[in-house]
Amino acid sequence: MEFIDLKLQQARIRNPIDQRIKAVLAHGRYIMGPEVKELEEALASYTGSRHAVGCASGTDALLLALLAHDVKPGDAVFTTPFSFIATAEAIALLGATPIFVDIDPATFNLHPENLQRAIEALLDRDPTRHPLPRQTTGSTLHPKGIIAVDLFGLPADYRQINAIAQSNGMFVIEDAAQSFGAGYFGKKAGSLAQIGCTSFFPAKPLGGYGDAGMCFTDDAALADKMRCLSLHGQGAHKYDHIHIGINGRLDTLQAAILLAKFEIFPEEVALRRQVADQYHKLLFSQSSPVLPPAVPENYDSVWAQYSVLTKKQEYRRNLLDRLHEAGIPTAIYYPKPLHLQPAFNHLGYKAGDFSVSEDYARRIFSIPMHPYLEKEQQERIAGMLLELS
Ligand SMILES: *Cc1c(COP(=O)(O)O)cnc(C)c1O
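Residues numbered from 1 in each chain as written. Predicted model: local features only at pLDDT ≥ 70, side-chain atom pairs only at ≥ 80, totals over all residues. Heavy atoms only, no water.

Attention now goes to the packing of aromatic side chains. Applying the stated criterion across every chain yields a total of 22 aromatic pairs. Judged by centre distance (5.6 Å) and plane angle (80°), the rings of F108 and F152 are edge-to-face. Taken together, the positions of F108 in the loop between β3 (97-100) and α5 (112-123) and F152 in the loop between β4 (142-149) and α6 (158-167) put the pair 44 residues apart, joining distant regions of the chain. As far as burial versus exposure is concerned, F108 and F152 are alike and both buried. Ring geometry for Y158 and Y184: centres 6.1 Å apart, planes at 90°, overall edge-to-face. Highlighted residues: Y158 in helix α6 and Y184 in strand β6 (residues 183-184), separated in sequence by 26 residues. The class for Y184 is buried, based on a relative accessible area of 5%. (Phe/Tyr/Trp six-rings, centres within 6.5 Å; stacked < 30°, edge-to-face > 60°. Helix = DSSP H or I, 4+ residues; strand = E, 2+ residues; numbered from the N terminus. Buried < 20%, exposed > 50% of the residue type's maximum accessible area, 1.4 Å probe, protein only.)

Spelled out as structure tokens, the structure:
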């Protein structure tokens, strides 16, 4: 059994992929070829965004979005500690300070009430109200923006997060690396904040055969700036540079592969939802040792991962061992919250600062999830999990 089965998908669309790759080899425009624009237009339209800027990875998408907002040392950007490192890494790489905000226990995503409290604590320089990074004492950090993450494919609470940002004059970036294809009150992930950033890493819901990413926005000026930044800050001419940028372009070959994959993507999203519904039916019971993930009303997860929480911390080792022995692959996203990562030692956070994230890091694990998972396979996985009860 595969955790994410990309071979079954490839078998379905091998021909269109081959055709798309052949077309690139024939025209030879490996950098910024016509497929890049074609993909940008297709995905902008899918997400309901006015503009899309392809780039080299989800990490670069975040970096470009932060650079477009001129994020620099002295700026504070609020984000979740329960995410992949890239979210907070991009902030720190620009010399700005990530301020972590604990998650909503029901959704695993940035908790709006905690966010509000964290902003007030920073403005008042009062770490007794919310844990703040070490630098805040003595210097003044400026609350500049928020990166919310749509963890496991479920959008964060953008109605509240956008409202909090607006009343404090801050920007919001949606880290939609895991949520391309998800929905929130009738809108699509990637379009839920001022800028949405997604990733086409192979294991994401829409994945290429290598690294790639994209930024979405309705703001023409931000789109122009992100494109410029992704091309070494290129101005009117190739050797005219108006910003310090990066080499962050989307490869033509990846765009071509993604165009072939996008043809079956809506169908795959529907299949993912069926798999998730089936898991929910199988795993939701009083005696189950795990809690299946909850999806609030008007939210549509794209189920990048199907992550369950063990009801007790000590169940996890036992369940993972048993699944491993039965040849069922599992993963832990994420075993260590970001505020406890050695890379962020300089921020001075400590264990106990974000108790929900820390507790969940000890209880969570993910089971196989992809559009082609069969009902019998799911029944076998659920059967093994329920045996503990
Ligand atoms: C995968 C991921 C990223 C980074 O995407 P890459 O394409 O691997 O650079 C950023 N944020 C989150 C939440 C992710 O899951």
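Picking up where we left off.
The next thing to look at is the side chain of Q254. Here Q254 is to be found in helix α8 (residues 252-262). The buried category is assigned to Q254, whose relative accessible area is 10%.

Take the domain arrangement of the protein chain next. Domain annotation of the protein chain identifies domain 1 (6-262) and domain 2 (265-386). Placing the centre of domain 1 and that of domain 2 at their C-alpha centroids yields a distance of 23 Å. Counting each side, the surface lost to burial between domain 1 and domain 2 is near 3,800 Å², with a carbon and sulfur contribution of 65%. Counting the surface domain 1 buries against domain 2, the share from its top three residues, F82, F100 and F152, is 17%. The interface formed by domain 1 and domain 2 includes one salt bridge. Residues R12 and E267 are paired through a salt bridge, measuring 3.1 Å at the closest nitrogen-oxygen approach. Looking at the side of domain 1 that touches domain 2, the elements with two or more residues in it are α1 (6-27), α4 (86-93), β3, β6 and α8. No other element matches the four residues that β3 contributes to the side of domain 1 that touches domain 2. Here the residues of the side of domain 1 that touches domain 2 are counted per class, giving 31 nonpolar, 12 polar and seven charged. (Domains from an automatic or database assignment. Buried area = accessible area lost by both parts, 1.4 Å probe. Salt bridge = Lys/Arg side-chain N within 4 Å of Asp/Glu carboxyl O. Nonpolar A, V, L, I, M, F, W, Y, C, P; charged D, E, K, R; others polar.)

Take the site of the ligand next. Close to the ligand lie 14 residues; G58, T59, Q178, S199 and K204 are nearest. Take D175: an N or O atom from its side chain is 2.8 Å from a nitrogen atom of the ligand. Measuring from an oxygen atom of the ligand, one finds a side-chain N or O atom of Q178 at 2.7 Å. Against a free-state accessible area of 380 Å², the protein chains account for coverage of 93% of the ligand. (Near = heavy atom within 4 Å. Polar contact = N/O pair within 3.5 Å; in protein donor to acceptor, adjacent residues only side chain to side chain. Areas by Shrake-Rupley, 256 points an atom, 1.4 Å probe, with all protein chains shown as cover.)

Right, let's get into the packing of helix α9 (residues 265-283) against helix α12 (residues 375-386). Between α9 and α12, whose axes approach to 10 Å, the crossing angle comes to 35°. The hand of the α9/α12 crossing is right-handed. Where α9 abuts α12, its residues V275, Q278, Y279, L282 and L283 lie against K375, Q378, E379, I381, A382, L385 and L386. (Axes fitted to C-alpha atoms, helices over the stretch in contact; angles between N-to-C directions. Left-handed = near helix turned anticlockwise from the far one by under 90°. Contact = heavy atoms within 4.5 Å.)

All chains considered together, the criterion is met by 16 salt bridges. Across the pair K225 and D70 runs a salt bridge, and its minimum N-O distance is 3.5 Å. In this pair, K225 sits in helix α7 (residues 220-230) while D70 sits in the loop between α3 (58-68) and β2 (75-79), placing the two residues 155 residues apart along the sequence. A relative accessible area of 17% means that K225 is categorised as buried. Between R317 and D321 there is a salt bridge, and its shortest N-O distance comes to 3.2 Å.

Bringing the sheet that holds strand β7 (residues 187-188) into the picture now. If you trace the three strands from one edge of the open sheet to the other, you get β7-β6-β11, paired in antiparallel fashion. Only two strands of the sheet have a single neighbouring strand rather than two, namely β7 and β11 (299-300). (Pairing = 2+ DSSP bridges.)

Here we take up a nonpolar patch on the surface. A cluster of nonpolar side chains, namely L25, Y30, I31 and L253, defines an oily patch on the protein surface of about 380 Å² accessible area. Secondary-structure assignment places L25 in helix α1. Take L25: its relative accessible area is 52%, and that puts it in the exposed class. (Patch = residues over 30% accessible without salt bridge, like charges linked within 9 Å, V, L, I, M, F, W, Y side chains within 5 Å.)

Attention now moves to α5. Helix length check: α5, at 12 residues, gives a terminal C-alpha distance of 17 Å against a target of 16 Å (1.5 Å per residue), a fit within 8%. Contacts from the buried residues of α5 go to β2, β3, β4 and α6. R125 lies just past α5 and shows a positive phi near 50°. (Expected span 1.5 Å × (residues − 1).)

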